[in-house]
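Inside the fold
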Amino acid sequence: VAKIPGSTDWPRDAAARTDADDGERARIAFETDAIGFAIDTTRLGGVAFEPGSAFSDASGLTYEAWAARVDGAWHAGGSSGRVDAFGGVLRRSGAIDWTAVELIRSLTAVLDDGSLLALASARAVGASGHGEEAASAVFLDSAGSLTRFEEPLLSTEYDTAGWPRRAGLELWGTDDDAPALRGAGTLIAGHEDTAFLRFSFDGTPGTARYELMRAAQ
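Calculation notes
Residues numbered from 1 in each chain as written. Predicted model: local features only at pLDDT ≥ 70, side-chain atom pairs only at ≥ 80, totals over all residues. Heavy atoms only, no water. Helix = DSSP H or I, 4+ residues; strand = E, 2+ residues; numbered from the N terminus. Contact = heavy atoms within 4.5 Å. Areas by Shrake-Rupley, 256 points an atom, 1.4 Å probe, with all protein chains shown as cover. Pairing = 2+ DSSP bridges. Axes fitted to C-alpha atoms, helices over the stretch in contact; angles between N-to-C directions. Buried < 20%, exposed > 50% of the residue type's maximum accessible area, 1.4 Å probe, protein only. Core = buried A, V, L, I, M, F, W, Y, C linked by side-chain atoms within 4.5 Å. Phe/Tyr/Trp six-rings, centres within 6.5 Å; stacked < 30°, edge-to-face > 60°. Lys NZ or Arg CZ within 6 Å of the ring centre and 35° of its normal. Polar contact = N/O pair within 3.5 Å; in protein donor to acceptor, adjacent residues only side chain to side chain. Salt bridge = Lys/Arg side-chain N within 4 Å of Asp/Glu carboxyl O.

1. Comments concerning the overall build of the protein chain
Within the protein chain one finds 1 helix and 14 strands. A separation threshold of at least 6 residues defines the contact pool for the protein chain, and within that pool the share at least 24 residues apart is 46%. With the model as given, the accessible surface of the protein chain reaches about 11,700 Å², and the carbon-plus-sulfur share is 48%.

2. Some details on the sheet that holds strand E12 (residues 181-191)
Pairing is antiparallel across the open sheet formed by 9 strands, whose spatial order is E9-E8-E7-E6-E14-E13-E12-E11-E10. A strand with exactly one partner marks an edge of an open sheet, and here the two such strands are strand E9 (146-150) and strand E10 (153-158). With strand direction ignored, the average angle separating the axes of adjacent strands in the sheet is 20°. Looking at chain direction, strand E6 (residues 101-111) and strand E14 (residues 204-214) are connected through 9 bridges and run antiparallel. Looking at E14, one finds that Leu103 is bridged to Arg214.

3. A few points about the environment of Ser106
In this fold, Ser106 is placed in strand E6. Classification of Ser106 as buried rests on a relative accessible area of 4%. C-alpha of Ser106 to C-alpha of Leu212: the two residues are 106 residues apart in sequence and 6.8 Å apart in space. For Ser106, the contacting residues outside a window of four places in its chain are Tyr63, Leu119, Ala120, Arg209, Tyr210 and Glu211.

4. Some words on the nonpolar core
Grouped together as the largest cluster of nonpolar side chains are 20 residues, with contacts concentrated most on Leu107, Leu117, Leu169, Phe199 and Phe201. Secondary-structure elements contributing two or more residues to this core are E6, strand E7 (116-124), strand E8 (134-140), strand E11 (164-171), strand E13 (194-201) and E14. Among residues more than four places away in sequence, those in contact with Leu107 are Leu117, Ala118, Leu119, Leu154, Ala167, Leu197, Phe199, Ala208, Arg209 and Tyr210. Among the nonpolar cores identified, the runner-up in size contains 18 residues, and Phe55, Leu61, Ile96 and Met213 belong to it.

5. Focus: the packing of aromatic side chains
For the coordinates displayed, the defined rule picks out 5 aromatic pairs. Ring geometry for Phe55 against Tyr63: centres 6.5 Å apart, planes inclined by 85°, an arrangement best described as edge-to-face. With respect to burial, Phe55 and Tyr63 carry one shared label: buried. Arg43 extends its terminal NZ or CZ atom over the ring of Trp66, reaching a point 4.6 Å from the ring centre. The ring of Phe86 carries the charged tip of Arg69 above its face, separated from the ring centre by 4.5 Å.

6. Considering the environment of Arg123
Checked against the element boundaries, Arg123 lands in strand E7. Judged by relative accessible area, Arg123 falls into the buried class, the value being 17%. Taking C-alpha positions, Arg123 is 6.4 Å from Ile104, a pair spaced 19 residues apart along the chain. A polar contact is formed between the side chain of Arg123 and the side chain of Glu133, at a distance of 2.7 Å.

7. Quick notes on the pattern of salt bridges
Inspection of every chain in the model, using the stated rule, returns 13 salt bridges. Taking the shortest distance from any N to any O, the salt bridge between Glu24 and Arg25 comes out at 3.6 Å. On the accessibility criterion, Arg25 (46% relative accessible area) is partly exposed. Of the charged contacts in the structure, one is a salt bridge between Glu64 and Arg91, with a shortest N-O distance of 3.0 Å. You can see Glu64 sitting in strand E4 (residues 61-76) and its partner Arg91 sitting in strand E5 (residues 79-94), a full 27 residues away along the chain.

What follows is the structure in structure tokens.
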């Protein structure tokens with residue numbers, strides 16, 4: 001996550017354009033008189049929650065995430081700089097039945113070694129809390145080894161405005177004798193129902209994107 005200096009007045013209706021995307025590389029750009037960026041992303045390993053997973057079957061969504069190498073330039077308020085870091089690329093498809101689902105949560109973290117962690121959950125209408133959500137989680141390490149987790153636990157602390165200010169994650173594997181893998185993150189910045197967290201998973205630092213989706217009021 002890169003916070004652009006002088007970008008606190010980012011237009012509320014601002015939208016970046018994708019100039020090119022061949023499935024492996026993409027260029028994303030945005031430009032106004034005061035603020036702009038042009039970012040190239042090269043996708044590395046990816047994961048998906050597809051039909052047959054707990055999350056997809058409960059939500060009606062397919063959720064895809066990739067770790068990516070991010071390189072580019074930005075300018076804002078007379079300042080400029082370059083970005084060279086790991087980042088993430090996300091894609092959703094499908095339709096949510098909001099008569100049956102009241103909340104969708106997703107957390108996607110890219111760690112400093114290039115590994116990727118993804119979790120998504122769907123809460124049914126009338127459920128008592130996150131303990132009754134249908135959730136899926138997967139971890140793709142920097143060597144390309146994939147581990148899926150059943151019944152992941154994601155806890156969230158919100159501020160008075162409803163922003164996720166802290167998140168904690170607990171993942172148990174199939175080996176009952178092995179300890180849980182844990183992650184935790186604190187808020188860096190956010191917009192509406194999307195928060196960016198300074199994140200650490202099993203001792204490796206990184207950043208995470210945490211998104212909440214609710215039915216339109």
